[in-house]
Amino acid sequence: MKSNRIWRVILPALFFAGLLLVTRSELALGQKDMPKPDVEPELQAQILRDNTVGYIIYMHEKANLAPAYDLNWEMRGEYVVKALQDTAKSSQADIVKYLDEQNVDYQTFWIDNIIIVNSSNHHTFNGLMNFSEIESLKARRTLDVINPRIEVVPESVLAIEPNISHVLAPNVWEMGITGSGIVVANIDTGVRSTHDAL
């Protein structure tokens, strides 16, 4: 009778101890198998030449913007901004803390969920390999201004382009409406048409 009681206590204890060991080993395996961020070959080459080079950290997490499609225009804009900011803040939090501890000069961006590191060292860069939140590390880009080609343009129009006829502009001109004195212009810094918000 006494031995039955002992086994009733020992068997569940052994079961839970075994379960705990299996769970711990699965966690350890999960950490070992954690994917490392992709490092762009160009950045690898830059770091070998100069370990103080800057780079861009791209985060895995992307904001869920699908609910915005059911909102009116103003609410949609507010929702998208808040979703992008919240996603960036939460997914970048541990990396920002780490970079602060390393005294690294950086800037966070919420629209594309990236962090631009202005300068760091090998130790800091290698430490970033342990963050599962990071999708990739890429070299910073410097875009050059393209100088315009200067061409001599004749003072008068040589012919009416086909698109002008297509929109029936000659019919409007015949009515005396020429657009004289009206300026139509556009200026923009550029748009990434593949951005999720668009």
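Please refer to the structure placed before this passage.
These numbers were taken from a predicted model, which means no experiment stands behind them. (Residues numbered from 1 in each chain as written. Predicted model: local features only at pLDDT ≥ 70, side-chain atom pairs only at ≥ 80, totals over all residues. Heavy atoms only, no water.)

Visitor: What am I meant to see in the overall build of the protein chain here?
Guide: Of the regular secondary structure elements, the protein chain holds six helices and five strands. Sequence-ordered secondary structure for the protein chain, helices as α and strands as β, is α-β-α-β-α-β-β-α-β-α-α. Put simply, the protein chain has 198 residues, and 23% of those count as buried. Across the protein chain, contacts joining residues at least 24 apart in sequence account for 66% of those joining residues at least 6 apart. With an accessible surface of roughly 15,800 Å², the protein chain has 58% of that area assigned to carbon and sulfur atoms. (Helix = DSSP H or I, 4+ residues; strand = E, 2+ residues; numbered from the N terminus. Buried < 20%, exposed > 50% of the residue type's maximum accessible area, 1.4 Å probe, protein only. Contact = heavy atoms within 4.5 Å. Areas by Shrake-Rupley, 256 points an atom, 1.4 Å probe, with all protein chains shown as cover.)

Visitor: Can you help me understand the pairing of strand 4 (residues 114-119) in this one?
Guide: In regular strands, side chains alternate between the two faces of the sheet. As paired elements, strand 2 (residues 55-59) and strand 4 share four bridges and run antiparallel to each other. Its bridge partner being in strand 4, Ile-57 is matched across the sheet by Ile-115. Inspection of the sheet shows strand 3 (residues 105-109) paired to strand 4 by five bridges, in the antiparallel sense. By the bridge assignment, Thr-108 is partnered in strand 4 with Ile-115. Linking strand 3 back to strand 4 in an antiparallel pair, the connection comprises four residues, with Asn-113 at a positive phi of about 55°. (Pairing = 2+ DSSP bridges.)

Visitor: Even after reading the chapter, I still don't get the nonpolar core, so can you show me in this structure?
Guide: Inside soluble globular proteins, nonpolar side chains tend to come together where they are buried. If you look at the biggest cluster of nonpolar residues, it comprises 21 residues, and the most contacted ones within it are Leu-43, Ile-57, Ile-95, Leu-99, Leu-128 and Leu-137. Of all the secondary-structure elements, those providing two or more residues to this core are helix 2 (41-49), strand 2, helix 3 (73-101), strand 4 and strand 5 (134-139). In terms of residue count, helix 3 provides more of this core than any other element does, four residues in total. Every residue in contact with Leu-128, bar those within four places of it in the chain, is listed here: Pro-37, Tyr-55, Ile-57, Ile-95, Tyr-98, Leu-99, Ile-134 and Leu-137. Listed in part, the six residues of the second largest apolar core include Leu-65, Ala-68, Val-80 and Leu-84. (Core = buried A, V, L, I, M, F, W, Y, C linked by side-chain atoms within 4.5 Å.)

Visitor: Explanation requested: the packing of aromatic side chains in the structure shown.
Guide: Both the distance between ring centres and the angle between the ring planes are used here to describe each pair of aromatic rings. One pass over the full model with this rule turns up two aromatic pairs. A centroid spacing of 5.2 Å and a plane angle of 80° characterise the contact between Tyr-55 and Phe-125, whose relative ring orientation is edge-to-face. A residue pair is termed long-range when its members are at least 10 positions apart, and Tyr-55 in strand 2 and Phe-125 in helix 4 (residues 122-127) qualify at 70 residues. A single burial state applies to Tyr-55 and to Phe-125, both of which are buried. (Phe/Tyr/Trp six-rings, centres within 6.5 Å; stacked < 30°, edge-to-face > 60°.)

Visitor: Can you help me understand the pattern of salt bridges in this one?
Guide: Oppositely charged side chains may form a pair once their charged atoms are brought near each other. Tallying each qualifying case throughout the model produces three salt bridges. Linking Arg-149 and Glu-151 is a salt bridge whose minimum nitrogen-to-oxygen distance equals 3.5 Å. Overall, Glu-151 belongs to the exposed group, its relative accessible area being 54%. (Salt bridge = Lys/Arg side-chain N within 4 Å of Asp/Glu carboxyl O.)

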